[in-house]
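Take a look at the letters that make up each chain.
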Amino acid sequence: MAKKVDNPDCVTIDDLINNLSTDLCNDIEYGACIFESSLGVTGLGDVGVLTNLVENYPIAKNTSNAKNAKKQVFDCDIVVIEKETLDDYYIGSEHDGNDYNFKNILSKSNTFSLYNDSSNVIADRVNYGLNNTSIEISYKNIKTISGENISGSLSIDTFAPGKHHVSNVLCAVTVSLSLGLSLDDIKDGLANFNGIKGRTSLKKENGSIIIEEINPGINTKAIESSIKMINDLNDYTIILGGKYGVTCEEIDENSVATLLDNFLDKSKITNKAEINKVEMNKDEMGEVEIGKDTDNWFDLILTDDLGIEIEKKMSNNVEVIKDPIEAQKKIISNNKNILFIYRSNYSQINKR
């Protein structure tokens, strides 16, 4: 028997404990109290995992930040961490190499990276696909919970259509190796992974493919990664928007607006260059056509409360459709595919 206490106001643990009613537990004797931490890490366990630190956002009413709070992960015996996050946030230039904390962090870290060859786990070769991606991985000097130090290589086939997905695969492989799982178990587990609903999951609607990115924690970097994922895919329209108040930290609309304007500006320049390659005289193609604001691959619609606010901060003219379902219907009626980026909880079924 369990009772859920829903507290949407992002209070501190002390506030929550002080405000809990004593009547809450009078009817049933609870054997445990479980607190979910949105920071995603604790200092408990044999292996701690810190995938990355994309934004060092403020927490606890601006008295601390994500970097300091997540540092507790290094209380674990082994820490799996992205190499770039380790270097940028927890080692850095302020250490001379002899500092105890510096050495302690390094001694228990198993790192992974898409690009840094000095990490413990690295992707040597990646062949991207929307439904299946093949990854050649090498690993060296991995510390395990049994005290071993292992090196080797393996080939993975799994669902990982974008670079950020491959980074997550590298993280999963690093954790598995740290725990002493066999290579066959790692390969089989990832081969059977088809994505998580709302996190780059695929579905079809009347012949159109919809890639869903429905996540309450979507930020500017996540949006950028999702858009880059479809760079080489044809006939996609991006529908972007969402709600406010789904997490303690709101999204930076100015940053998102700048990102989208940059994509649109780049797309226009690319298309004008392509138009100018076409061999026809100006009688057949006028200046208005050459300078038009349409683009080949970056087709964007903004939706719902978040989309409306982002549009106000953009320099480019972008279509806004308040209802995300109506936006999807419009694109599907034009026989195009959709990248649906929506800041919300996936449980909001009316947005799916």
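Heads up: these notes are all about the structure in this document.

What counts, and at which threshold
Note on numbering: residues in each chain are counted from 1, in written sequence order. For this predicted model, a pLDDT threshold of at least 70 governs which residues receive local features, and a threshold of 80 or more governs which side-chain atom pairs are given and counted, while totals over whole chains, interfaces and linings are taken from all residues. With hydrogens and water stripped out, all remaining heavy atoms of the structure feed into the side-chain values. Runs of H or I in DSSP of at least four residues are treated as helices and runs of E of at least two as strands, each being numbered from the N terminus. Residue contacts follow a heavy-atom distance rule, with two residues in contact if any of their heavy atoms lie within 4.5 Å. Pairing of aromatic rings covers Phe, Tyr and Trp, the last counted by its six-membered ring, and requires centre-to-centre distances within 6.5 Å; plane angles under 30 degrees mean stacked, over 60 mean edge-to-face, and any other angle means tilted. For every residue, the accessible area obtained with a 1.4 Å probe (protein chains only) is divided by the maximum for its type, and the residue is called buried under 20%, exposed over 50%, and partly exposed between those limits. Counting of polar contacts relies on pairs of N or O atoms within 3.5 Å, with two restrictions inside protein: one atom must be capable of donating a hydrogen and the other of accepting it, and residues adjacent in sequence are counted only when both atoms are side-chain atoms. When DSSP locates at least two bridges between a pair of strands, those strands are taken to pair. Where helices are involved, their axes are fitted lines through C-alpha atoms of the stretch in contact, as for all axes, and angles between N-to-C directions lie from 0 to 180°.

**Side note on the environment of Thr158**
Thinking step 1. Along the polypeptide, Thr158 turns up in strand S8 (residues 149-158).
Thinking step 2. Considered as a pair, Thr158 and Gly195 are 37 residues apart in the sequence and their alpha carbons are 9.1 Å apart.
Thinking step 3. When neighbours within four sequence positions are excluded, Thr158 is seen to be in contact with Asn131, Asn132, Thr133, Ile135, Val169, Leu190 and Phe193.

**Points about the packing of aromatic side chains**
How two aromatic rings sit relative to each other is given by the distance of their centres and the angle of their planes.
Thinking step 1. Applying the stated criterion across every chain yields a total of two aromatic pairs.
Thinking step 2. Here Phe74 and Tyr90 contribute two aromatic rings whose centre-to-centre distance is 5.3 Å and whose plane-to-plane angle is 65°, an arrangement assigned as edge-to-face. Residue Phe74 is found in the loop between helix H2 (66-70) and strand S4 (78-82), and its partner Tyr90 is found in helix H3 (residues 83-91); the two are separated by 16 residues along the sequence. Neither Phe74 nor Tyr90 differs from the other in exposure class; each is buried.
Thinking step 3. Look at Phe340 and Tyr342: their rings are 5.4 Å apart centre to centre, the planes differ by 20°, and that puts the pair in the stacked class.
Thinking step 4. Since its relative accessible area comes to 0%, Phe340 is described here as buried.
Thinking step 5. Tyr342 gets classed as buried once you look at its relative accessible area, which sits at 0%.

**Thoughts on the environment of Gly217**
Thinking step 1. Note on placement: Gly217 falls in the loop between strand S10 (208-214) and helix H7 (220-229).
Thinking step 2. Judged by its relative accessible area of 39%, Gly217 falls in the partly exposed class.

**Remarks on the side chain of Asn316**
Thinking step 1. If you trace the backbone, Asn316 turns up in the loop between helix H10 (304-312) and strand S13 (319-321).
Thinking step 2. A polar contact is formed between the side chain of Asn316 and the side chain of Asp261, at a distance of 2.7 Å.
Thinking step 3. There is a polar contact of 3.3 Å between the side chain of Asn316 and the side chain of Asp265.
Thinking step 4. Excluding residues within four positions of it along the chain, Asn316 makes contact with Asp261, Leu264, Asp265 and Lys268.

**Considering the sheet that holds strand S12 (residues 299-303)**
Thinking step 1. The six strands lie next to each other as S9-S10-S14-S11-S12-S13, forming an open sheet whose pairing is mixed. Strands at the two margins of the open sheet, each flanked by one partner only, are strand S9 (199-205) and S13. Neighbouring strand axes in the sheet, compared pairwise and without regard to direction, differ in orientation by 25° on average.
Thinking step 2. Strand contacts of H7: S9, S10, strand S11 (236-242) and strand S14 (337-343), with the helix running at about 175° to S14, the strand carrying the most contacts.

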